[in-house]
Amino acid sequence: MPKRVDHEERRALIAEALVRVAGRRGLHAVGMRDVAAEAGVSLRLVQYYFGTKEKLLLYGLRHLTDRFSARVGERLRAQGLGPGPRATAEALLLTSLPTDPESRTFHLLYTSYAVLSVTDEALAAQPFTDRPDAAEDVLAGLIRQAQDAGAADPGADARTEAIGLLAMAAGMGTSVLVGQRTAESAASVLRHHLDRVFTAPEDGAPDAG
């Protein structure tokens, strides 16, 4: 019998190759032929699955997002006890900092895609993410949950605070990427602002330091 082809596995293989090449050379310099060579497949196969470079880049971005979510989950599971809103918010923000090769590539590619889509009409026509406010919605929900439990500033606007924290994490990530500050100092600044929003410690929460 002919071997059954797992199409999702092949797409993931190609997406991983895209991430590796883009991490080394920059997203702007990556072509479909480069990705095919990195993945050890034919250019025709890459074109079969994705059609255009823009669709390949978008799929690669979604692949990175899935890996990011998995890393947040790993960070939370490593804490042992069921994480509360503060711990979950901290995991979400700190995981986005470029502290190792994978998170560095995540930040680099996300930022590069956003910048390129400003001037590239074909990229701009692709949806950057299916739910552009997903992280904002999650973080705002965590702040409201903490407010209901008396563990966050009741007068804070959850949506505004979420927007500010995410923007700060993105900016801190770039500053780490270019060597302006260390990942430790960026994490310290983020924790400082989390302490301002989440005003009471969570039961059983590990020391944030």
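Above this text you will find the structure in question.
The rules behind these values
- Residues numbered from 1 in each chain as written.
- Predicted model: local features only at pLDDT ≥ 70, side-chain atom pairs only at ≥ 80, totals over all residues.
- Heavy atoms only, no water.
- Helix = DSSP H or I, 4+ residues; strand = E, 2+ residues; numbered from the N terminus.
- Contact = heavy atoms within 4.5 Å.
- Areas by Shrake-Rupley, 256 points an atom, 1.4 Å probe, with all protein chains shown as cover.
- Lys, Arg positive; Asp, Glu negative; His and termini not counted.
- Charge placed at Lys NZ, Arg CZ, Asp CG, Glu CD.
- Axes fitted to C-alpha atoms, helices over the stretch in contact; angles between N-to-C directions.
- Parallel < 35°, antiparallel > 145°, perpendicular 65-115°, else oblique.
- Phe/Tyr/Trp six-rings, centres within 6.5 Å; stacked < 30°, edge-to-face > 60°.
- Buried < 20%, exposed > 50% of the residue type's maximum accessible area, 1.4 Å probe, protein only.
- Polar contact = N/O pair within 3.5 Å; in protein donor to acceptor, adjacent residues only side chain to side chain.
- Left-handed = near helix turned anticlockwise from the far one by under 90°.
- Nonpolar A, V, L, I, M, F, W, Y, C, P; charged D, E, K, R; others polar.

A. Fine view of the overall build of the protein. From N to C terminus, the protein includes ten helices and zero strands. Considering only C-alpha atoms, the protein reaches an extent of 60 × 45 × 30 Å along its principal axes. A separation of at least 24 residues holds for 65% of the contacts in the protein among residues at least 6 apart in sequence. Just so you have it, the protein exposes about 11600 Å², and 54% of that area is on carbon and sulfur atoms. The distance from the centre of the 24 positive side-chain charges to the centre of the 27 negative ones in the protein is 9 Å.

B. Region of the structure containing the packing of helix 1 (residues 7-25) against helix 4 (residues 53-77). The interhelical angle for the contact between helix 1 and helix 4, taken along N-to-C directions, is 95°, at an axis separation of 9 Å. With respect to each other, helix 1 and helix 4 are oriented roughly perpendicular. Two secondary-structure elements touch here, helix 1 through Glu8, Arg11, Ala12, Ile14, Ala15, Glu16, Leu18 and Val19 and helix 4 through Leu56, Leu57, Tyr59, Gly60, His63, Leu64 and Arg67.

C. Molecular detail of the packing of aromatic side chains. According to the stated counting rule, one finds four aromatic pairs in the structure shown. Seen from their ring centres, phenylalanine 50 and tyrosine 59 are 5.2 Å apart, and the 55° between their planes marks the pair as tilted. By relative accessible area, phenylalanine 50 is classed as buried at 6%. Looking at tyrosine 59, the relative accessible area reads 22%, which means it is partly exposed. Among the aromatic residues, ring-to-ring pairing joins Phe68, Phe106 and Tyr110 into one connected group.

D. Local environment of the side chain of glutamine 147. Tracing the backbone shows glutamine 147 in helix 8 (residues 134-148). Note on glutamine 147: relative accessible area 17%, which makes it buried. Within the structure, the side chain of glutamine 147 is placed 2.9 Å from the backbone oxygen of alanine 156, a separation counted as a polar contact. Beyond its immediate sequence surroundings of up to four residues, glutamine 147 is in contact with Ala152, Asp153, Pro154, Ala156 and Ala158.

E. Quick peek at the packing of helix 1 against helix 3 (residues 43-50). Two numbers describe how helix 1 lies on helix 3: the axes approach to 11 Å, and their chain directions differ by 115°. Considered as vectors, helix 1 and helix 3 are oriented roughly perpendicular to each other. Crossing of helix 1 over helix 3 shows left-handed handedness. Note on element contacts: helix 3 touches helix 1 through Leu45, Val46, Tyr49 and Phe50, opposite His7, Arg10, Arg11 and Ile14. Here the residues of the contact of helix 1 with helix 3 are counted per class, giving five nonpolar, one polar and two charged.

F. Representation of the side chain of serine 103. For serine 103, the position within the fold is in helix 6 (residues 101-119). Here serine 103 falls in the buried class, since its relative accessible area comes to 2%. Within the structure, serine 103 has its side chain in polar contact with the backbone oxygen of leucine 97 (distance 3.2 Å). Residues within four places of serine 103 in sequence aside, it is in contact with Arg71, Thr95, Leu97 and Pro98.

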